[in-house]
There are 2 protein chains.
Amino acid sequence: MNLLVELVLLLPLLFIFYLESFVKLFIPKKGKSVTGEIVLITGAGHGIGRLTAYEFAKLKSKLVLWDINKVKTEIGDISILVNNTGIVYTSDLFSTQDPQIEKTFAVNTLAHFWITKAFLPSMMKNNHGHIVTVASAAGLIGVPFLLAYCSSKFAAVGFHRALTEELNAFKKNGIKTTCLCPNFINTGFIKNPTSNLEPTLEPEKVVEKLMNGILTEKRMVLVPSSLNFLLILEKFLPQRFREILKRGANIKFDAVIGYKVKEQ
Amino acid sequence: MNLLVELVLLLPLLFIFYLESFVKLFIPKKGKSVTGEIVLITGAGHGIGRLTAYEFAKLKSKLVLWDINKVKTEIGDISILVNNTGIVYTSDLFSTQDPQIEKTFAVNTLAHFWITKAFLPSMMKNNHGHIVTVASAAGLIGVPFLLAYCSSKFAAVGFHRALTEELNAFKKNGIKTTCLCPNFINTGFIKNPTSNLEPTLEPEKVVEKLMNGILTEKRMVLVPSSLNFLLILEKFLPQRFREILKRGANIKFDAVIGYKVKEQ
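Below you will find a few notes about this structure. Just so it is clear, the structure is predicted and the values come from calculations on it, not from any experiment. (Residues numbered from 1 in each chain as written. Chains lettered and ligands numbered in written order. Predicted model: local features only at pLDDT ≥ 70, side-chain atom pairs only at ≥ 80, totals over all residues.)

**Concerning the overall build of chain A**
Right, on to step 1. The helix and strand tally for chain A stands at 7 helices and 5 strands.
Right, on to step 2. When the helices and strands of chain A are listed from N to C terminus, the series reads α-β-α-β-α-β-α-β-α-β-α-α.
Right, on to step 3. In chain A, buried positions account for 31% of the 264 residues.
Right, on to step 4. For chain A, the share of sequence-separated contacts (at least 6 apart) that also reach a separation of at least 24 residues comes to 62%. (Helix = DSSP H or I, 4+ residues; strand = E, 2+ residues; numbered from the N terminus. Buried ≥ 20, exposed ≤ 12 C-beta atoms within 10 Å, placed from the backbone. Contact = placed C-beta atoms within 7 Å.)

**Looking at the relation of the copies chain B and chain A**
Right, on to step 1. If you rotate chain B by 180° and push it 0.0 Å along the axis, it lands on chain A with an RMSD of 0.1 Å. Taken together, the turn and the small shift mark the pair as related by a two-fold rotation axis. For chain B, the minimum C-alpha distance to the rotation axis belongs to Ala155(B) and amounts to 2.3 Å.
Right, on to step 2. Interface residue correspondence from chain B to chain A reaches 97%, placing this contact among same-surface, isologous pairings. (Least-squares fit on C-alpha atoms with pLDDT ≥ 70 in both.)

**What about the interface of chain B and chain A?**
Right, on to step 1. Chain B puts 39 residues into the contact, and the matching count from chain A is 39 residues.
Right, on to step 2. Per element, the largest residue contribution to the side of chain B that touches chain A is 18 residues, and it comes from helix 4 (residues 147-169) of chain B.
Right, on to step 3. For the side of chain B that touches chain A, the class distribution of residues is 23 nonpolar, 9 polar and 7 charged. (Nonpolar A, V, L, I, M, F, W, Y, C, P; charged D, E, K, R; others polar.)

**Quick notes on helix 2 (residues 47-58) of chain A**
Residue and element names in this part refer to chain A.
Right, on to step 1. Taking 1.5 Å of rise per residue, the 12 residues of helix 2 would be expected to cover 16 Å, and the 17 Å separating its terminal C-alpha atoms lies within 8% of that figure.
Right, on to step 2. Of the positions making up helix 2, those classed as buried are Ile 48, Gly 49, Arg 50, Thr 52, Ala 53, Phe 56 and Ala 57.
Right, on to step 3. Positive phi shows up at Lys 60, right after helix 2, with a value of about 60°. (Expected span 1.5 Å × (residues − 1).)

**Digging into the pairing of strand 2 (residues 62-66) of chain A**
All names here are of chain A.
Right, on to step 1. Of all 5 residues making up strand 2, 4 are buried, and the element is well covered by its neighbours.
Right, on to step 2. Two elements, strand 1 (residues 38-42) and strand 2, share 5 bridges in a ladder whose sense is parallel. Bridge pairing links Thr 42 to Trp 66 in strand 2.
Right, on to step 3. Running through helix 2, the crossover from strand 1 to the neighbouring parallel element strand 2 is right-handed. (Pairing = 2+ DSSP bridges. Right-handed = clockwise from strand over helix to strand, strands pointing away.)

**A word on the nonpolar core**
Right, on to step 1. By size, the foremost hydrophobic cluster in this structure holds 68 residues, and its most contacted members are Cys150(A), Leu180(A), Cys181(A), Cys150(B), Leu180(B) and Cys181(B).
Right, on to step 2. Apart from residues lying up to four places away in sequence, Cys181(A) is in contact with Ala135(A), Ser136(A), Ala137(A), Gly139(A), Leu140(A), Met220(A), Val221(A), Leu222(A) and Leu227(A). (Core = buried A, V, L, I, M, F, W, Y, C linked by C-beta atoms within 7 Å.)

**Description of the environment of Met123(B)**
All names here are of chain B.
Right, on to step 1. Position of Met 123 among the secondary structure elements: in helix 3 (residues 109-126).
Right, on to step 2. Residue class for Met 123 comes out partly exposed when judged on the 17 C-beta atoms lying within 10 Å of it.
Right, on to step 3. The sequence separation of Met 123 and Lys 172 amounts to 49 residues, and the corresponding C-alpha distance is 9.3 Å.
Right, on to step 4. Those residues within four positions of Met 123 in sequence are excluded, and the remaining contacts are His 128, Gly 129 and Ile 175.

**A few points about the sheet that holds strand 3 (residues 129-134) of chain B**
Residues and elements named next belong to chain B.
Right, on to step 1. Pairing is parallel across the open sheet formed by 3 strands, whose spatial order is 3-4-5. The sheet is open, and its two borders are formed by strand 3 and strand 5 (220-223), each paired with just one other strand. Each strand axis lies, on average, 15° off the axis of its neighbour in the sheet, ignoring direction.
Right, on to step 2. Of the strand pairs in this sheet, strand 3 and strand 4 (residues 175-182) are connected by 6 bridges, and their pairing is parallel. Counted as the bridge partner of His 130 is Lys 176 from strand 4. (Axes fitted to C-alpha atoms, helices over the stretch in contact; angles between N-to-C directions.)

**A closer look at the sheet that holds strand 5 (residues 220-223) of chain A**
All names here are of chain A.
Right, on to step 1. Taken in spatial order, the 3 strands make up an open sheet running 3-4-5, and their pairing is parallel. The open sheet terminates on both sides in strands that have one partner only, identified here as strand 3 (129-134) and strand 5. Between one strand and the next, the sheet's axes are offset by a mean angle of 15°, whatever the strand orientation.
Right, on to step 2. Against the sheet, helix 4 (residues 147-169) makes contact with strand 3 and strand 4 (175-182), and its axis sits at roughly 160° relative to strand 4, the strand it touches most.
Right, on to step 3. Against the sheet, helix 5 (residues 203-215) contacts strand 3, strand 4 and strand 5, and its axis sits at roughly 160° relative to strand 5.

What follows is the structure in C-alpha cells.
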C-alpha cells in the first residue's frame, strides 16, 4: 500500500522525464570529444573493430589495438604496440611510422569481460571512461542454428546491463556504457546471409551508428533502428503469428565461419 | 511494398490468434502426463533441482539425478545412478533401495548446453522431449554486483530462445522448451537477500510454478508473475525514472556464495 502511494507521488516526475525525452527528440545531441583519450579496441583487425579504429583515429584518440588475427597492413599509420606479456603500450596516432604487431590475442566475449574487469578499477578511481560492448541482434532475439553464438551474445548483453546497473549503484556517472547490437553484417563472420526483411548491413553503416552512439553516450545502439520496433513486436505478438512472420522473413545463411580462437 | 501488402493480409490471422489467446485465459490447461518419462535433472542435490525431483517422483517419472555436490540422503528413495564415464543409467523410482552416487558432476550453464546437445539428436529422432532451462530474473534484467552471474543467466536465456527457434525451424513441435526465471530464491545461493518489492521466494513456490509451467508446456515461467509487468515497465519507462524505482526497491544481499565448480 505504502509502495503504491510512493508510486503515485512519483507520477509528476515521470511526466517531466517523458516531456524532457520528447523535447530532446528535436535537439540534436552534440557528441563528446575523444581527442587524446585512450581507446582500446579488441578485434581491431577486421570488420567493425578495424573501421571503428579508423574513426577514432580521425578524432585523434590514442589507440591501442588488439586482435587474434594478424592485423593487415592496410591499417597503415595507426600504431599497434602490444607486447607479449599482455602489457599495453599506448602510442600517439600518426607519430609511429612502422606499425608492428608483436603478439596477437584471443578476443571473444569472455575476453571482453576480463579486459573490462582489468580496466574498471582505474576508471572507477577517476570516474571517467566508456565501455563499449559489441553484441548482436542475436543477443536480443533467439536465432535458429546459432545456439552457441546466441548464448555468447546474450551473455554480452547481460554483462553490459549488469555493468550499467553496477556503475549506477556506485554512482559512477562519469563512466558510460554502450552496447552495439547490429543485425547480420557483411563482414565474413556469416557466409552469404540473406533475408527478405532488410538488406544485409554494410560494416561502414554499422560503424557510423556505433560512433554516433558512443559520442552521444547512448546505452543501446540497435542497427538498423527498426530492430527497436521488432523487439516490441516480439513482446506483444502471439507466438504462432511471430513464427509465420519469421518464415516470411526467411533468414538464411550458408554456414558460420567462426573467428579462430587461440587455444588456452 | 510487397511485404506491407503481405502483412495486411495477415491481419485477420492476428485477430484470430488474439481471440484464441483470450478465450484460453478462461479455460484451465490440463497438464500432460509424465508417468514413465525419463527425467534428467542437473543440480538435483539442492534447492530447485531437489524439489523438482520430488515432484517428478510423485508423478512416477523415471529419474536421473546429477549434481556436483554430494546429494544428501534425505532424497531417500529416489535412485541416483550416474557412472563416471558420463553414461547415464535410468532406473525406476521406488524400485532401487540403496541410492548411490558414483560420481558427481560439475553442472553450470555450460554443462546444461553440453547435456542438451548430447540428448537432442535422440529427441529429434523421436520428435519427443522437453528441455527445461533454469535461468533467473537476472537473465532478463541487469543486476548490480552480479556481473558474472547475470552474464551466465542471460546466456541461458539466449540458449533457450535459440533452441526454441531451432526446434521450430526444424518443425520438431513434439519437443517442448521451458525456461524458468525466478527472482531471488531463498536457497542459500545468495546470502540474506532483502528487497522492499517482494518477499524472497521460497523454493517450494518456485517449483510449484515450474511444474505447472512444464506440464502445461509454457515457454517462459517467470516467478513471481509480476516480473512480466516489471519487464514491460523496463521497456517503456525512462531510464532515470527506472533508476529511482530501483533505489526504492532497495535490492540488497550480503554476498554471493557460488556453487563449487570442479576444476577442469
